[in-house]
Structure formats: C-alpha cells, structure tokens
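# A closer look at the structure
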Amino acid sequence: MSRMLVPLRSLENMRPNGSVLLFSAAILAIILANSSWNDAYQFFLNQKITLSIGDYSFFEHNGHSMSVLQFVNDALMAVFFFLVGLEIKQEVLVGELSSFKKALLPIIAACGGMIVPVLVFFSICHEAPSSLGAAIPMATDIAFALAVLSILGKRVPHSLKIFLTALAVVDDIGGIIVIAVFYSTQFSLTPLLISLVLLLIVFLGGKAGIKSNYFYYIMGFIIWTLFIESGVHATISGVLLAFCVPARPKTHLLDLPKELRRLLEIMPREEHRTKEHALVLSEGQQHVINTIRHRSAGAISPLQSIEGELTPFVNFFVLPLFAFVNSGVTLGGVTADQIMGIPLAIFLGLLVGKTLGIFGFTWLSIKTKACNAPKGMTPANLFGVSIFGGIGFTVSLFIANLSYGVHGFDNLLNEAKMGIFAGTIASGIIGCLVLKFILKCEKQNHKEGKDSNGENYIAE
C-alpha cells in the first residue's frame, strides 16, 4: 500500500492545493453535463465495476454490480470517512476535543450550525419528497473552509482557525450519526453482527500490539463488504474501524534517542566492502540498521501512520473523483418555481442558517458564561468566521445523493446540487470579504487602543 501511494505522496510534497483540484473537478463535471459530451459523461458514471473470486463478487449493491458512481460513493468514500474517523479520534484524544472544557464551545457551536440550517430548510421544503434533503445544509466541508480561510493569511487569529476546525470535527460526528440513523436501509442482522465481531478483533489486535497497517486495511475491507450486505451505510464502517486503530506507538518518542544511541554503539565496526558506487554492509551492520529502522517506525502509532498514507490518496484522488462524478448538475430547463424550492432552501440553509446557528449559539453560550471565549475572539470576528461554516461542498453533496439520488429523484438531486454550489460559493466569497473587513477594523481599533465594537470581549 505504501509503495502504491508514493506518487500521490510526492504530489503532496509539491504542496498543491487539494481544494483547488476538488473544485476544478466539480467545474469540469458541470461543463461536461451541459455540453455535447453529456452522454459520454453519463456512460462513464454508469459503467459497471466487477471484482470476483470464484462465485463471490466484492463490489455488488443489492445483488447488482456497482456502477462507477456507486463505487465512488459507497467504496471510496468509506476510505474518506475512515480518514475522517482517524482525525476525529486524534482530536478526542489529544486535540481540541480532549477535555470537556475545550470541547464544550465547539460542540455548542456545531449544534447550532446543524439545528438552524435544518429548520431553515424545513421552513421552505416541509413536504416529501423534497423534505428528505433537510440534512444537506447541516454539513461543513472543513478542508474547503480552511482553504478559503487561509486566503486571509496570518491576519486571522489562530484561535479562530482552531475554533472552526473543532466545530467542523463535531459537525462531522453529527453528519456521521445522521447518515447511520437516517440513511441506512433494511438491516440484515447476521453480516452486521459478524462485522461487529471483526471490529472487536481489530480493537483487541491493536491492544495486543499489532502495528502492521496491512492488518487494518485487510480487516477494514472485509468489514466494509459485510456492512454493504448488512444495510447499514457502508461509510460508517470506515468510521468505526478508525476508532479501533491504536493511537499508542510501540516505541515511546522520549525513549527513542537513547535506544538509537545504544544501537549505534553496538554496531559492528568491521570493514564494509565498497567500490566506486557499490556498498555492501556486513550481516551485523545490516541487522543493526534494520533494527534502527523498525524502532524508528515504531515511534509512529498506527493511527498516524495510516493517516499519513491515506491523506494524499484521499485529497488527490478520492475527493476529486467524488466531485467529478457527483457534480454534474444540469443547468438547462430549470424553472423559477424549482429554484424557489430545494435550491433556495439549501442556499439559505448554508449561508444564513449556518451563520446564524454557529454565531448565535456561540455568542449566547459566552454571554451566559456557560463557556469562555478563546483568546482573540470578538463578536465581530466570530460572526465573520461563522459564515465559513456554510461551505458544505463535499459532505453536502454526499448527503444529497443519499437523500435523493438513491431513491431515483434525479431531478431533485440536480436541484440540490445547484443549491449546494450556490450556498458554498456565496459562503466562501462573503465570508472572505466580511472577515477581511472585520479584521482590518479590529487591527485599526487595536492601534488606537480600543477593542472591537468598544467591547472587551477577548478572553485572556
């Protein structure tokens, strides 16, 4: 697996912007869907993917081979949610969600950012089947949001970036729960129980010291196939698997230098053979160097090791491909009445609902002294960063497909995509402009010796 990901890891080292690649793939899909190439685009999406060993086929959905679209949404996105699960676990163990005091404010903010958008959506689309998409505007695309926020550079207080990251992690947890509860089909108990037993084996294996990434990949693939058969949405398998991956390294970092020095001291000093560009070590030297390599690798936990391997794969392959196969919105033939339905509900849910929900719940919790404001946070810049919560691109598209696409409501799915694009773009642009203006005013006020808005709202 590591060797297969070398080209993508090299791409990551070049520091390209994964969000730009993601958005470019979406734009390409829109162009193809509204051009003479639309038939070819649809043909690609409906191509069947098959992998069989004997009579058993791996990539089947309800007894039928998965199409490219289904494979991306049900298989590759399970890898994406596996990575999300790893990031959530890190935040819970050592990050901004590692204590109740740290976690309370972003949890409250995320709850507001999920509840209010759903209410905004329901206020416009409250009858089935349109109402099936109520969860679409509750999602925040953390990678996209942080990428847009980075445009403002160092002017943004670090506490605001941490706050947005933490609330987006809680937002992801909420989205995962919604997918598990509301978007799973009829349950098949036997494969579900077997998968839970295998998850227990993975957990115990981690506790027993199994550090091989291949163990978690292979078990994850088997668990994923069982989730497909169980009726629970397959992406949930990735999240549950992530929670079973150990975060404790085999070699403690503080002990590593002492261990490496000991190994170097006992390395055999006999002459190695060398000539021109060739170098041949003795058997003893090879043994010590291999031991150093294993000890050093043991200082990285399986959780971080797997995350490091999968991040370039997800950022530069899975998400762009997901955007390409799911973003083909057809712009022609849409009436004004249709725009005033689902597209407007999602647009307002993302832009207005997210902003008011995050800002309102956070401001109220601080004013009532239920939580303390992070250093550098003011009511004004809190409002500005809250707008970025409306950038819901990836997960919103995913939930839209679960809400309408799998039920055959292709016209409603097309309308939902329009609302997602409009809401995401508007949130990104307006968020940048508003927060840039606010930060500029706060900087000027700071030079004049005044707090923003005349209030001392910054927590020391």
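Residues numbered from 1 in each chain as written. Predicted model: local features only at pLDDT ≥ 70, side-chain atom pairs only at ≥ 80, totals over all residues. Heavy atoms only, no water.

## Comments concerning the overall build of the protein chain
If you tally the helices and strands in the protein chain, you get 18 helices and seven strands. For the protein chain, with 460 residues in total, the buried portion stands at 50%. (Helix = DSSP H or I, 4+ residues; strand = E, 2+ residues; numbered from the N terminus. Buried < 20%, exposed > 50% of the residue type's maximum accessible area, 1.4 Å probe, protein only.)

## Notes on the pattern of salt bridges
Inspection of every chain in the model, using the stated rule, returns one salt bridge. As a salt-bridge pair, Lys 354 and Asp 171 come within 2.6 Å of each other at their nearest N and O atoms. Highlighted residues: Lys 354 in helix α15 (residues 342-367) and Asp 171 in helix α7 (residues 158-182), separated in sequence by 183 residues. The exposure classification of Lys 354 matches that of Asp 171, with both residues buried. (Salt bridge = Lys/Arg side-chain N within 4 Å of Asp/Glu carboxyl O.)

## Points about the packing of helix α4 (residues 68-94) against helix α10 (residues 235-244)
Interaxial distance between α4 and α10 falls to 7 Å at its minimum, and their mutual angle equals 30°. The pairing of α4 with α10 is recorded here as roughly parallel in orientation. Note that α4 runs across α10; the crossing there is right-handed. Taken together, the residues of α10 that come into contact with α4 (itself represented by Asn 73, Met 77, Ala 78, Phe 81, Phe 82, Gly 85, Leu 86, Ile 88 and Lys 89) are Thr 235, Gly 238, Val 239, Leu 241, Ala 242, Phe 243 and Cys 244. (Axes fitted to C-alpha atoms, helices over the stretch in contact; angles between N-to-C directions. Parallel < 35°, antiparallel > 145°, perpendicular 65-115°, else oblique. Left-handed = near helix turned anticlockwise from the far one by under 90°. Contact = heavy atoms within 4.5 Å.)

## A closer look at the confidence of the model for the protein chain
Caution is warranted with low-pLDDT regions, since their predicted coordinates should not be read in detail. Model confidence for the protein chain is summarised by a mean pLDDT of 84, while 87% of its residues fall at 70 or above. Per-element confidence in the protein chain is highest for α15, whose mean pLDDT is 95, and lowest for helix α1 (residues 6-13), whose mean pLDDT is 49. In this model residues 10-15 is a low-confidence stretch, pLDDT under 50, and it forms five contacts with partners more than four residues away in sequence or in other chains. Note that pLDDT drops below 50 for residues 452-460; the model gives that stretch 24 contacts with residues more than four away or on any other chain. (pLDDT = per-residue confidence, 0-100.)

## Quick notes on the packing of aromatic side chains
Summed over all chains, the structure comprises 13 aromatic pairs. Judged by centre distance (5.7 Å) and plane angle (35°), the ring pair of Phe 393 and Phe 421 falls under tilted. One end of the pair, Phe 393, is in helix α17 (residues 393-403); the other, Phe 421, is in helix α18 (residues 410-447), with 28 residues separating them in the sequence. According to the relative accessible area criterion, Phe 393 is buried, its value standing at 0%. Ring pairing ties together the aromatic residues Phe 23, Phe 144, Phe 393 and Phe 421, which thus form one cluster. (Phe/Tyr/Trp six-rings, centres within 6.5 Å; stacked < 30°, edge-to-face > 60°.)

## Considering empty space enclosed by the protein
The method is simple in principle: a probe with the dimensions of a water molecule rolls over the atoms, and the space it marks as empty is what remains. Taken as a whole and judged by the stated rule, the model has one cavity of 30 Å³ or more. Breaking the lining of the largest cavity down by element, the ones donating at least two residues are α4 and α7. Broken down by element, the residue count for the lining of the largest cavity peaks at five residues, all from α7. Among the residues making up the lining of the largest cavity, the classes are represented as seven nonpolar, two polar and two charged. (1 Å grid on protein atoms, 1.4 Å probe; cavity = no way out; pocket = protein on both sides within 12 Å on 5 of 7 lines; lining within 4 Å. Points joined across faces, edges and corners; volume = space filled by probe spheres on them. Nonpolar A, V, L, I, M, F, W, Y, C, P; charged D, E, K, R; others polar.)

## As for a positive patch on the surface
The grouping of Arg 155, Lys 436, Lys 440, Lys 443 and Lys 447 at the surface amounts to a positive patch. Along the polypeptide, Lys 440 turns up in helix α18. (Patch = residues over 30% accessible without salt bridge, like charges linked within 9 Å, V, L, I, M, F, W, Y side chains within 5 Å. Areas by Shrake-Rupley, 256 points an atom, 1.4 Å probe, with all protein chains shown as cover. Lys, Arg positive; Asp, Glu negative; His and termini not counted. Charge placed at Lys NZ, Arg CZ, Asp CG, Glu CD.)

## Comments concerning the nonpolar core
Counting 122 residues, the largest nonpolar core has Phe 80, Phe 163 and Phe 388 as the members making the most contacts within it. Those residues in contact with Phe 163 that sit more than four places away from it in its chain are Leu 105, Pro 106, Ala 109, Ile 358, Thr 362, Met 377, Leu 382 and Val 385. (Core = buried A, V, L, I, M, F, W, Y, C linked by side-chain atoms within 4.5 Å.)

## Observations regarding α17
Among the 11 residues in α17, 11 count as buried, and that is most of the element. Buried within α17 we find Phe 393, Thr 394, Val 395, Ser 396, Leu 397, Phe 398, Ile 399, Ala 400, Asn 401, Leu 402 and Ser 403.

## So, the side chain of Ser 195
Within the secondary structure layout, Ser 195 lies in helix α8 (residues 189-207). With near-sequence residues (within four places) excluded, Ser 195 lies in contact with Ile 223, Leu 226 and Phe 227.

## Let's talk about the side chain of Asn 381
By the secondary structure assignment, Asn 381 is in helix α16 (residues 379-387). Engagement of the side chain of Asn 381 in a polar contact is seen with the backbone nitrogen of Thr 378, the distance being 2.9 Å. Looking at Asn 381, its side chain comes within polar contact range of the side chain of Glu 442, at 3.2 Å. Among all residues touching Asn 381, those that are not within four sequence positions of it are Leu 160, Gly 376, Leu 435, Ile 438, Leu 439 and Glu 442. (Polar contact = N/O pair within 3.5 Å; in protein donor to acceptor, adjacent residues only side chain to side chain.)

## Let's talk about the sheet that holds strand β5 (residues 64-67)
With antiparallel pairing, the three strands of this open sheet are ordered in space as β1-β5-β4. Lying at the two open borders of the sheet, with one neighbouring strand each, are β1 (48-49) and β4 (60-61). Bridge analysis of β4 against β5 gives two bridges, and the strand direction is antiparallel. The residue bridging Glu 60 from the neighbouring strand is Ser 65, located in β5. Against the sheet, α4 touches β1, β4 and β5, its axis set at about 85° to β5. (Pairing = 2+ DSSP bridges.)

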